[in-house]
Amino acid sequence: MTSTDNQKSPTTTSIVVGHASNAGRWMLQGGTIVALIVLVLFFFLMRPDVFLTFVNVKNILYQVSILAIIAGAQTVVMVVGDFDLSVGATSALAGATAAAAMLGGWPVPAAIVLALIVGLLIGLLNGVLVAYLNLSAFIATLAMMTSVVGLAFLVTQGTTLFNFPPEFNELGQGKLFEIPLPVYFAIIISVILWFVLRYTTLGRRWHAIGGSVEVSRLSGVNVRRARLLAFTIAGFVSAIGGILLAARLGSASAVQGEDNMMFSVAAVFLGMTIVRSGAANLVGTMVGVAIIGVMSNGLNILGVNAYVQQVVTGIIIIAAVTLSSLKHRER
Amino acid sequence: MTSTDNQKSPTTTSIVVGHASNAGRWMLQGGTIVALIVLVLFFFLMRPDVFLTFVNVKNILYQVSILAIIAGAQTVVMVVGDFDLSVGATSALAGATAAAAMLGGWPVPAAIVLALIVGLLIGLLNGVLVAYLNLSAFIATLAMMTSVVGLAFLVTQGTTLFNFPPEFNELGQGKLFEIPLPVYFAIIISVILWFVLRYTTLGRRWHAIGGSVEVSRLSGVNVRRARLLAFTIAGFVSAIGGILLAARLGSASAVQGEDNMMFSVAAVFLGMTIVRSGAANLVGTMVGVAIIGVMSNGLNILGVNAYVQQVVTGIIIIAAVTLSSLKHRER
Amino acid sequence: MTLLEERPEVRPVDVPALAAHDIVKRFDGVHALERAQFSVLPGEIHALLGENGAGKSTLIKILTGVYAPDGGTIYRNGEKVDFANVRVANAAGVVALYQELSIIPTISVAENILLGEQTPSRGGIVQWGQMRKRAKAQLESINQRKIPLNALAGDLSPVQQTMVAFARALATDAKVLILDEPTASLTDTEIVELFSVLRALRDRGVAIVYVSHRLEEVFQLCDRLTIMRNGTHIVTKDVADSHIDEVISLMVGRNANELFPERGTATDEVAIEVRHLDGRRVKDVSFVARKGEVLGIGGLAGSGRSELLRILSGAQKHVGGEIVVGDTVLPSSPGVGKALEAGIALVPEERRSQGVILAASIQDNIAVANIPTVSTAGIVSGAKISTITKRGIADLKIKARSPRQHVGELSGGNQQKVVLAKMLARKPKVLLMDEPTRGIDVGTKAEIYRLIRQLAAEGTAIIAVSSELPELIGMSDRIIILHEGEISGTVPAEGADDELLLSYCYGKHQS
Amino acid sequence: SSGGGDNGGGDDTTPPKVVAFTSGNQTPIGAWWVKDVEATAKELGWDLTMIQGDFDFQKMNPAVESAIGQGADVVFDGFTDIASIASISTAAKDAGIPMFAVDSGTEPNDAFALNITTDQQGIVDQTMGAISDAIGGLEGKTIMVIGHDPHAGIRMRSELAAEAVEAAGATLAGGEIQQVVSPATGRTEALALVADYLAANPNGLDAVWVGWDDAALGAVQAVSEAGASAVVTGCDATSEALAAIEAGTMLATVEQPWPLVNASVVDAITAYLESGTMPSSNFEAVATTLVTKANAAEITPSDKLG
Ligand SMILES: Nc1ncnc2c1ncn2[C@@H]1O[C@H](COP(=O)(O)OP(=O)(O)OP(=O)(O)O)[C@@H](O)[C@H]1O
Ligand SMILES: Nc1ncnc2c1ncn2[C@@H]1O[C@H](COP(=O)(O)OP(=O)(O)OP(=O)(O)O)[C@@H](O)[C@H]1O
Ligand SMILES: [Mg+2]
Ligand SMILES: [Mg+2]
């Protein structure tokens, strides 16, 4: 640093960013999208008369709508770099709460609000444990899941509750222009979450925290509050999913929609591969949800045995994620 | 740029020793141990006539012995900084494989070896996906779990297999000095894993990788091979657990011991709180296993309703982890 | 503007913009700060100096609300304040650029610059247009027009990342700006930019605290300086009244020796030979390093120096050419383990992410690189680990409570010594060092230079990358300059000419 | 027992020790059984140890075996498949204690002194009869059978149902028994199975035979959403199924007389405790009642037993 005249130096140098092979890179990154297209093509070719018909597409959409909502909730938490393993349990408890309240004579809107509050509170509690008490999200939400399922059993007394007012069931079973209402709800919620994640200061803070908690904190981001909010919103959105599931089935049990937890995490992971930063993102999650939905519907249509389906599901998830991970391979 | 004799310079030391508040620190860190002691005391005071009797302690040991083995497998993977969500499924498939082979007329030892190989291969596959294809352990083992459960369903054809040769059942139900054999197996496997983790080069490498993959790689550790081995060993040990479970119950089904996955992760997390580095460690895991076992046995003895038990289980896990996390709190 | 520009007259007003009185901070028994005093006036650049571990970074974290002090008071413009967290400090106009913590890799450059409260928004909705505009303006103000706003910050070079972090600190409209070793990973070009910006800010009345181990910089840039030692205040005085040797001796608490030891004599025996090596960026690089020789490698940021060392250490594969150590030809991707066995060891560039496991003890860190030596038949010997650790701690004078202390608790300089210790325990024939003294105080620097010489005298070949020309010249026997991955010049270090070296750095090729 | 003589006003027969267990205590029927057995024990003066296992045999079996090890006169099993309790049956056999059971396996097994369950073939005959009546004979029709292998009863009756379908000259939809993998998601799985089948084969289904009501209700919903005409039967007579039958969306279910079965087993236990008489046969399959719109109102739902 002793050199004298470096006046002339401040010119070019150091910048090495190469925007070269963007298209090619995108192709590889899009492994998950490629996987989706391959799946759709495959099932279409196997059953051209069925697979892409209006009825069947509607079917798929209907089947994944609630998973899409819960995966949306999971996306929010995973953007922040955490997990929420209690989303499925929370949705079941919310459905059960709404059900029990309605059967107890509450008006439908009040029962729904109560169930949403329950979801919100569970989310809040998760948030407090993770953001304020610094528990690992994994263990906190795992334990929460256990307790919440227990609560759901208490609320339903171990039975399946049913016999809801028709206007409640309508939420899950009604149609608008031939399309079931839950599909609209899923779309609306996804768009809202996408907007929040992309365009609000809260969403951007979540992304920053997901990138580095420490740098965010030192840059003046209120990390705790933002994480708390992420979990709270996830609890709330999961509750919406659970209420719709109860309405869709016309019944509520403590373990209802259990597999949504696992599939929501899988969907988010599948979706993480489509962006360069490798972060959770809503569009990707929806691609992941679509893969899961198409796979299950297509295998059913081909009449594949349930156990074989399960084996194949695991393999397809691994294949899709591997495809996208190939680009990251370095020595 | 001068100064002559520098040969002799690197001499004296400068170790600033200060072992002050080690004991106090240990107390706080030992939150999990405190939780265990509190639990034991509580149940003892509630039922002094039952809880600490030889029969009941034996009972607890018997009940947790297989969880202890599977949690040992999980510890290995978590030392490396990963997860294995497929341990439960792998153990079920191993049990099912041994069962199907024996019912198919294989001699007991051959059936056991076959089951161990199955576990090893699943672990190896997990390892390849995570270590060589760079998949996130979470999604890779989650997908693996799905596929493996499917395989277990295929092997058992969805039923519960039973009617094994008595010498097989003896492995799980036999006793030595009044203590059931699985307890000895659990102890032996734990000691071996503890030794491997603590005293072998492989164990050292695993710890280093858990601390930092990049630093380990640049220090000459073959990171991939070590991670591969961690998953492989986890698969193998899980298979032992699954075989013992089948022998212990005298039966094998595809979903047998499902909750061992969740509880194994919970046990390792509980155990991580007892060491200063916050890393997974075998002794801690066994404390975690003990907490889970004592809790479940104690609540049963008190005749607590099954649903309430579930709620309480979640709360106790959260409480134990929170207790230990308090020390980490900073502003 | 040049680095050696005349300092304009500064007449600071009397009330300090920020002052700390009697600050005490302990970490698990370590007294990081013991009644530390510090104050900075508006319109001055105030250097905060001290050895590694003197407590500078800790003080900064307390001044900005990251840590709560165990005792003492902080005053902002003469009023007592209690910063509960970074946000409160920022809101009070106190902003820091922390040591070794820069950017969030997974979000865009623009977002990195306008993070947190700075994000332009209306009703909670981010105004992206506004954000890009302001981020662009910030980058322009530090002459970094080439950094793409929409790129992920993680895709930038380390230098660019630092500049982005700096842009963020500037974006907060700070009244007190604290910079903790901002130039550690910068080259001259960026340093010039940085200084001119800092001077402009000072002239607008901003109080600037500047931490650096590069004392020349301090003398070029700063108005006053405060020296800390062992967590306490030693002296505060005008830079104009200070002399560099005096500063050094106050920092280390003893008389500074000459920084660079005398050069030794390289043997004729070749330790490592590199022939036509090609990597991702490195192109057709050939050279030899001899036993007992210190071979310096210079170049601009991104010129491929680190990659060259990574390839030699086996951490990255090469696509062409060969590496010969003694009589073994290394395969194209040997892996670090094999390279270590062949006698090549690397002290990497990024200490915290590549050099040490922060959450592990000193002895565990040292053991990682020495697993083959501390084990027999796959079983590790605690006694052997203990022996090599104690030797490392003694030889390198590592300042630590015990061999079991976590490396994350050590100061930067001591962390670097741990990295050295773990590699030296392998007794390498060829020692690769990437920026061996980055972020290290003068006292420790001198120790490391002496150590390098001692190793050379014992027959080790040392290949060291440095971004600081005086260091490169002072410590090496011979210097290779890289430009865009190719060797643009090779010169003997003795009497090497700064300007010539710089011209090679900027792409002039040796005839 | 050493110093216990001072309050023993002449009652020198110690109460019989009964170890009872069920794995299905989280199901409504299991919960009812626990209550019923506890009430019975009080009434008959049993010294009862009740162990509840939530389908977690790893936890339940050791607890039961340890209770057996501490001495018992009778082991009483409720709704736990013999396959899952092989280790318990070994322990009981070794201790020489007879085991009585309600609905624990579909075939005779020497492990039990007595196991009373329902007649699976009867259930299939009743439901298939109802289907046949509703769709005008089975021949040439397409019928889906949905089962759940892990449950021994459901597994057996779905196999019998599949045989009945083929024997009657009808087609088994999908060529094999369709499986629900997890009981927790039974309803959604069945819903998707039927919905997807109907999407691929619009109006290609005449009936759906389902092994238990919860999943049957998913099939009912799929059929009605697709606007198809297939009829659906289940088994269990849950209140929800009864309501669906009364509403006309579901064709039939089957009531299994658990209170009666349990009472019979209790009688056999009492006989054994009093006189050591063992039941003449170790297996009994009792007849069931078909529930259709005609009698749905009179049936006590299986989830409202207690
Ligand atoms: N989080 C921590 N836990 C324990 N000890 C710490 C921690 N942070 C700092 N220390 C200790 O406090 C002392 C001061 O460290 P600090 O980082 O402030 O030094 P510094 O002057 O910034 O050094 P450098 O020039 O190397 O950056 C050192 O002894 C260090 O080991
Ligand atoms: N894996 C990678 N992907 C993309 N760019 C990379 C990668 N590795 C290195 N680079 C870039 O290539 C250039 C050469 O890197 P290298 O680290 O060898 O340079 P250097 O001369 O040591 O400079 P520096 O001072 O930045 O370390 C750097 O600008 C770096 O950002
Ligand atoms: Mg510092
Ligand atoms: Mg470099």
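Everything numeric here is computed off the predicted structure, so don't read it as measured data.

Would you mind showing me how to read the overall build of chain C here?
The helix and strand tally for chain C stands at 17 helices and 24 strands. If you line up chain C on its principal axes, its C-alpha atoms span 70 × 50 × 45 Å. Out of the 511 residues in chain C, the part that is buried amounts to 62%. In chain C, the share of contacts with a sequence separation of at least 24, taken over all contacts with a separation of at least 6, comes to 66%.

Explain helix 4 (residues 120-135) of chain D to me, please; I cannot follow it from the model alone.
In an α-helix, one turn spans 3.6 residues, which is why side chains three or four residues apart end up on the same side. Residues and elements named next belong to chain D. Taking 1.5 Å of rise per residue, the 16 residues of helix 4 would be expected to cover 22 Å, and the 22 Å separating its terminal C-alpha atoms lies within 8% of that figure. The complete set of buried residues in helix 4 reads Gln 120, Gly 122, Ile 123, Val 124, Thr 127, Met 128, Ala 130, Ile 131 and Ile 135. Sitting at the head of helix 4, Asp 119 places a side-chain oxygen 3.2 Å from the backbone nitrogen of Gln 121. Looking one or two places after helix 4, you find Gly 136, whose phi comes out positive at around 70°.

Looking at this structure, I do not really get the interface of chain B and chain D. What am I missing?
Interface size, as often reported, equals the accessible area lost upon joining of the parts. Taken residue by residue, the interface counts 27 residues in chain B and 26 residues in chain D. Note on chain B versus chain D: buried area summed over both sides is about 2,000 Å², and carbon and sulfur give 50% of it. Among the residues of chain B in contact with chain D, Gln63(B), Phe162(B) and Leu249(B) are the three that bury the most area, contributing 23% of the side total. On the surface where chain B and chain D come into contact, there are one salt bridge. Residues Glu65(D) and Arg248(B) are paired through a salt bridge, measuring 2.6 Å at the closest nitrogen-oxygen approach. Linking chain B to chain D there are five residue pairs in polar contact (both at pLDDT 80 or more). Of all elements in the fold, only helix 3 (54-79), helix 11 (223-249), helix 12 (259-272), helix 13 (282-301) and helix 14 (306-325) of chain B reach the threshold of two or more residues within the side of chain B that touches chain D. Among the elements that take part in the side of chain B that touches chain D, helix 3 of chain B stands out by supplying six residues, more than any other. Per-class residue counts for the side of chain B that touches chain D are 10 nonpolar, 15 polar and two charged.

Even after reading the chapter, I still don't get the site of ligand 2, so can you show me in this structure?
Close contacts around ligand 2 come from 15 residues, with Gly302(C), Arg305(C), Ser306(C), Glu307(C) and Glu349(C) the closest. Around ligand 2 the close residues trace back to chains A and C. One nitrogen or oxygen atom from the main chain of Gly304(C) is found 3.0 Å from an oxygen atom belonging to ligand 2. Between an oxygen atom of ligand 2 and a side-chain N or O atom of Ser306(C), the distance comes to 2.4 Å. Of the residues contributing to the shell around ligand 2, the split by class is four nonpolar, five polar and six charged.

Analysis parameters
- Residues numbered from 1 in each chain as written.
- Chains lettered and ligands numbered in written order.
- Predicted model: local features only at pLDDT ≥ 70, side-chain atom pairs only at ≥ 80, totals over all residues.
- Heavy atoms only, no water.
- Helix = DSSP H or I, 4+ residues; strand = E, 2+ residues; numbered from the N terminus.
- Buried < 20%, exposed > 50% of the residue type's maximum accessible area, 1.4 Å probe, protein only.
- Contact = heavy atoms within 4.5 Å.
- Expected span 1.5 Å × (residues − 1).
- Polar contact = N/O pair within 3.5 Å; in protein donor to acceptor, adjacent residues only side chain to side chain.
- Buried area = accessible area lost by both parts, 1.4 Å probe.
- Salt bridge = Lys/Arg side-chain N within 4 Å of Asp/Glu carboxyl O.
- Nonpolar A, V, L, I, M, F, W, Y, C, P; charged D, E, K, R; others polar.
- Near = heavy atom within 4 Å.

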